Amino acid sequence: MALEKTSVTITVNNDTYTRDIEPRQLLVHFLRDSLGLTGTHIGCDTSQCGACTVLLNGDPVKSCTVLTVQAADQEVTTVEGLGTIEELHPVQQGFWEQHGLQCGFCTPGVMITAVGLLKQNPQPTEAEIREGLEGVICRCTGYQNIVRAIQAAAEQFDATPAQTQAAATTGVTEGGE
Ligand code: FES
Ligand code: FES
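Since this is a predicted model, take the numbers as computed values, not measurements. (Residues numbered from 1 in each chain as written. Chains lettered and ligands numbered in written order. Predicted model: local features only at pLDDT ≥ 70, side-chain atom pairs only at ≥ 80, totals over all residues.)

## Re the overall build of the chain
- The secondary structure content of the chain amounts to six helices and five strands.
- The order of helices and strands in the chain, counted from the N terminus, is β-β-α-β-β-β-α-α-α-α-α.
- Residues counted as buried form 41% of the 177 residues belonging to the chain.
- A separation threshold of at least 6 residues defines the contact pool for the chain, and within that pool the share at least 24 residues apart is 62%. (Helix = DSSP H or I, 4+ residues; strand = E, 2+ residues; numbered from the N terminus. Buried ≥ 20, exposed ≤ 12 C-beta atoms within 10 Å, placed from the backbone. Contact = placed C-beta atoms within 7 Å.)

In structure tokens form, the structure reads like this:
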């Protein structure tokens, strides 16, 4: 028997969506299946890999551990909301310049995690970056270039005027996608 559906409204990357969903639906499935935002990946069924990480009200969460209804009336940022081809987010720019990826499967979750890390600690040490990456697993890179990419993003923040840092850190700019 099909479960009764419930209506939720969630703002994702500055756009507001209302959908009828099953109460048991996970946020990662809402993003991927209901909205078609497939940049958020699913890499495990044990809540360990971090490939599904998104920002919920600016803080990183594993979207496979959050029910869609828990995100109702809140703001979600996915990798699609970080920047544009014309204007990369500083974290995306760092990954581009330092080649912080190989297969790229973990990359959306790693970048979102980095955004959350830099929001809390704009100038992290290498040890703090490595500690901040503990919740995300990369099978390819050995993490060296990921760390360099986040260091490059932090340097870019350092050179960014204060008034633009908040928008750059959350990845959400006025008007949005
Ligand atoms: S899919 Fe692996 S932690 Fe969410
Ligand atoms: S780049 Fe392949 S899993 Fe990280």
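## Quick look at helix α2 (residues 90-98)
- Within α2, the full set of buried residues consists of Pro90, Val91, Gln92, Gly94 and Phe95.
- Immediately downstream of α2, the backbone of His99 shows phi near 50 degrees, a positive value.

## So, the nonpolar core
- The biggest cluster of nonpolar side chains holds 44 residues, and the ones touching the most others in it are Met111, Ala114, Val115, Ile150 and Ala153.
- Counting residues per element, the ones that place at least two in this core are β1 (6-12), α1 (27-34), β3 (53-56), α2, α3 (107-120) and α5 (144-158).
- The element contributing the most residues to this core is α5, with eight residues.
- Structurally, this core is a two-domain feature, drawing no fewer than three residues from each of domain 1 (6-81) and domain 2 (90-170).
- Excluding residues within four positions of it along the chain, Ala114 makes contact with Val91, Ile150 and Ala153. (Core = buried A, V, L, I, M, F, W, Y, C linked by C-beta atoms within 7 Å. Domains from an automatic or database assignment.)

## What about α1?
- Burial in α1 covers these residues: Leu27, Val28, Phe30 and Leu31. Buried residues of α1, viewed axially, fall in a sector of 165 degrees; they line one side.
- In this fold, the buried residues of α1 make contact with β1, β2 (15-21) and β3.
- Immediately beyond the C-terminal end of α1, within one or two residues, lies Gly36, with a positive phi of roughly 75 degrees. (Arc of directions from axis to C-beta.)

## Digging into the pairing of strand β4 (residues 59-62)
- Across the two faces of β4 the burial differs, with Pro60 and Lys62 buried and Asp59 and Val61 not buried at all.
- When β3 meets β4, the two strands line up antiparallel, connected through four bridges. Across the sheet, residue Leu56 finds its bridge partner in β4, namely Asp59.
- Linking two consecutive strands that pair antiparallel, namely β3 and β4, is a turn of two residues; a positive phi of about 50 degrees is found at Asn57 within it. (Pairing = 2+ DSSP bridges.)

## Some details on the environment of Pro108
- Structurally, the position occupied by Pro108 is in helix α3.
- In the structure, Pro108 is positioned 26 residues away from Leu82 in sequence and 9.8 Å away in space, judged by C-alpha atoms.
- Those residues in contact with Pro108, other than ones at most four positions away along the chain, are Gly39, Thr40, His41 and Val79.

## Here we look at the environment of Val66
- Inspection of the secondary structure assignment puts Val66 in the loop between β4 and β5 (75-77).
- In this structure the C-alpha to C-alpha distance between Val66 and Leu27, which are 39 residues apart in sequence, comes to 5.6 Å.
- Once residues lying within four places of it in the same chain are set aside, the contact partners of Val66 are Leu26, Leu27, Leu56, Val61 and Ala71.

## Let's talk about unusual backbone geometry
- Positive phi is not limited to glycine here, since Asn13 has a value of about 50 degrees.
- You can see Asn13 is positioned in the loop between β1 and β2.
- Even without being glycine, His99 reaches a positive phi, approximately 50 degrees.
- Here His99 is to be found in the loop between α2 and α3.

## Overview of the confidence of the model for the chain
- Chain-level statistics for the chain give a pLDDT mean of 91 and a share of 88% at 70 or above.
- Taken as a whole, residues 173-177 scores under 50 in pLDDT and shows ten contacts with residues more than four places along the chain or in a different chain. (pLDDT = per-residue confidence, 0-100.)

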